[in-house]
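Structure assessment
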Amino acid sequence: MNGAHRTYWVSGAAVVLAVLFAVGATVATASGGDGDRDGTSSRAPALYSPDAGFARDMSVHHQQAVEMSFIVRDRTEDEAVRSLAYDIANTQANQRGMMLGWLDLWGLPKVLADEPPMSWMGAEESGDGHAGHGGTSGHDTAGHDMSGHGMGAAKPGALMPGMATKEELTRLGAVSGRDAEVLYLQLMTDHHKGGVAMARGCAALCETPAERKLAEGMVEAQQSELTLMADMLKRRGAAPRG
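Described below are features of the structure shown in this document. (Residues numbered from 1 in each chain as written. Predicted model: local features only at pLDDT ≥ 70, side-chain atom pairs only at ≥ 80, totals over all residues. Heavy atoms only, no water.)

Let us now look at the overall build of the protein. Tallying secondary structure elements over the protein gives 8 helices and 0 strands in all. Reading the protein from its N terminus to its C terminus gives the helix and strand order α-α-α-α-α-α-α-α. Within the protein, counting contacts between residues at least 6 apart in sequence, those at least 24 apart form 75% of the total. Accessible surface for the protein amounts to roughly 10,900 Å². Of this, 55% is attributable to carbon and sulfur atoms. (Helix = DSSP H or I, 4+ residues; strand = E, 2+ residues; numbered from the N terminus. Contact = heavy atoms within 4.5 Å. Areas by Shrake-Rupley, 256 points an atom, 1.4 Å probe, with all protein chains shown as cover.)

Counting residues in hydrophobic clusters, the biggest one holds 51 residues, and the most contacted among them are Phe54, Met68, Met99, Trp120 and Tyr184. Where this core is concerned, the elements lending two or more residues are α3 (50-73), α4 (79-106), α6 (166-172), α7 (177-205) and α8 (209-235). Here the element with the most residues in this core is α7; it accounts for 12 residues. Not counting residues up to four positions away in its chain, the partners in contact with phenylalanine 54 are Ser59, Met99, Trp120, Met198, Ala199, Cys202, Cys206, Glu211, Ala215 and Met218. (Core = buried A, V, L, I, M, F, W, Y, C linked by side-chain atoms within 4.5 Å. Buried < 20%, exposed > 50% of the residue type's maximum accessible area, 1.4 Å probe, protein only.)

The subject of this paragraph is α3. For α3, which comprises 24 residues, the first-to-last C-alpha distance of 34 Å matches the rise-based estimate of 34 Å (1.5 Å per residue) to within 8%. Extensive coverage of α3 is indicated by the burial of 20 of its 24 residues. (Expected span 1.5 Å × (residues − 1).)

Overall, the coordinates contain 2 aromatic pairs when judged by the stated rule. Ring centres of tryptophan 102 and tryptophan 106 lie 6.3 Å apart, and the angle between their planes is 10°; this geometry places the pair in the stacked category. Here tryptophan 102 pairs with tryptophan 106, and both are found in helix α4, just 4 residues apart, close to one helical turn. Across this residue pair, the class does not change: tryptophan 102 and tryptophan 106 are buried. (Phe/Tyr/Trp six-rings, centres within 6.5 Å; stacked < 30°, edge-to-face > 60°.)

Right, let's talk about the pattern of salt bridges for a bit. Enumeration over the complete set of coordinates arrives at 11 salt bridges. As a salt-bridge pair, glutamate 115 and arginine 56 come within 2.9 Å of each other at their nearest N and O atoms. In this pair, glutamate 115 is assigned in the loop between α4 and α5 (123-126) and arginine 56 in helix α3, connecting sequence segments 59 residues apart. Across the pair, exposure class does not vary: glutamate 115 and arginine 56 are buried alike. Taking the shortest distance from any N to any O, the salt bridge between aspartate 231 and arginine 235 comes out at 2.9 Å. In this pair, aspartate 231 and arginine 235 are both assigned in helix α8, 4 residues apart and thus about one turn of the helix distant. By relative accessible area, which is 33% here, aspartate 231 ends up partly exposed. (Salt bridge = Lys/Arg side-chain N within 4 Å of Asp/Glu carboxyl O.)

The next point concerns the side chain of histidine 191. Secondary-structure assignment places histidine 191 in helix α7. Overall, the relative accessible area of 1% leaves histidine 191 in the buried class.

Turning to the side chain of glutamate 115, a few remarks are in order. By relative accessible area, which is 11% here, glutamate 115 ends up buried. Side-chain polar atoms of glutamate 115 contact the side chain of arginine 56, separated by 2.9 Å. Residue contacts for glutamate 115: discarding those within four places in its chain leaves Tyr48, Gly53 and Arg56. (Polar contact = N/O pair within 3.5 Å; in protein donor to acceptor, adjacent residues only side chain to side chain.)

A word on the packing of α4 against α8. Two elements in contact, α4 and α8, have axes whose closest approach is 12 Å; the angle formed by their N-to-C orientations is 165°. The angle between the axes of α4 and α8 places the two elements in the roughly antiparallel class. Seen along the crossing, α4 lies across α8 with a hand that is left-handed. Residues Ala80, Val81, Leu84, Ile88, Gln92, Gln95, Met98, Met99, Trp102 and Trp106 of α4 form the contact with α8, whose own contacting residues are Ala210, Glu211, Leu214, Met218, Gln222, Glu225, Leu228, Met229 and Met232. Across the contact of α4 with α8, the residue classes tally to 14 nonpolar, 3 polar and 2 charged. (Axes fitted to C-alpha atoms, helices over the stretch in contact; angles between N-to-C directions. Parallel < 35°, antiparallel > 145°, perpendicular 65-115°, else oblique. Left-handed = near helix turned anticlockwise from the far one by under 90°. Nonpolar A, V, L, I, M, F, W, Y, C, P; charged D, E, K, R; others polar.)

Here we take up the state of the cysteines. Under the defined criterion, the tally for this structure stands at 1 disulfide. Between cysteine 202 and cysteine 206 runs a disulfide, and the two sulfur atoms are separated by 2.3 Å. Across the disulfide from cysteine 202 to cysteine 206, rotation about the S-S bond amounts to roughly -120°, and the bridge is consequently left-handed. (Disulfide = S-S within 2.5 Å.)

Right under this line is the structure:
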């Protein structure tokens with residue numbers, strides 16, 4: 001890939017293809033082609049269901065990973081880091097397109113003002129498909145530990161577990177070279193750990209077969225990248241935070 005083309009990491013064509021795939025996969029699921037384990041695949045997910053909540057929250061989570069990857073692209077010339085960031089940006093932008101496509105097909109909003117982040121992960125506690133909406137059971141990530149799925153509370157200033165704060169993003173954009181590489185790898189390690197916990201939650205709670213498969217794939221891929229990033233940090237004389 002030459003420099004001129006590398007500028008455009010996440011092409012519009014890739015995102016369009018991802019949305020088209022999402023629509024096709026969801027139509028197949030709704031028609032029973034994939035076979036749901038509990039026979040609910042013929043119905044669109046409810047507004048506060050884990051399926052919808054995961055699609056909304058992970059879309060936001062993924063968008064920050066894409067943003068961080070674009071930032072580090074311009075802060076280092078290291079090909080290993082730039083290649084990793086390129087892969088993460090493309091993969092997560094495409095997955096985000098799939099999830100937003102599902103929400104459109106389900107006729108559900110992409111943002112809910114009254115839905116705290118991660119509230120869908122408390123769905124098994126409320127038992128009503130509303131993830132404890134309106135109550136206090138496991139939905140406030142600022143004050144609750146989602147330890148049932150390996151999910152810790154979000155750090156102060158971060159929207160969801162694993163996400164970077166505005167201050168951390170500003171710092172990433174201000175450093176360069178090895179400092180940018182180390183900070184990016186540390187921030188993305190935290191980001192992936194939060195993403196893996198979220199994806200495991202969907203794999204356990206989501207009822208849409210295609211979405212469960214996507215979540216399971218996220219867990220496998222991001223765990224592999226966590227191992228890679230730990231090695232890349234070690235090569236730079238650094239380590240993951242915390």
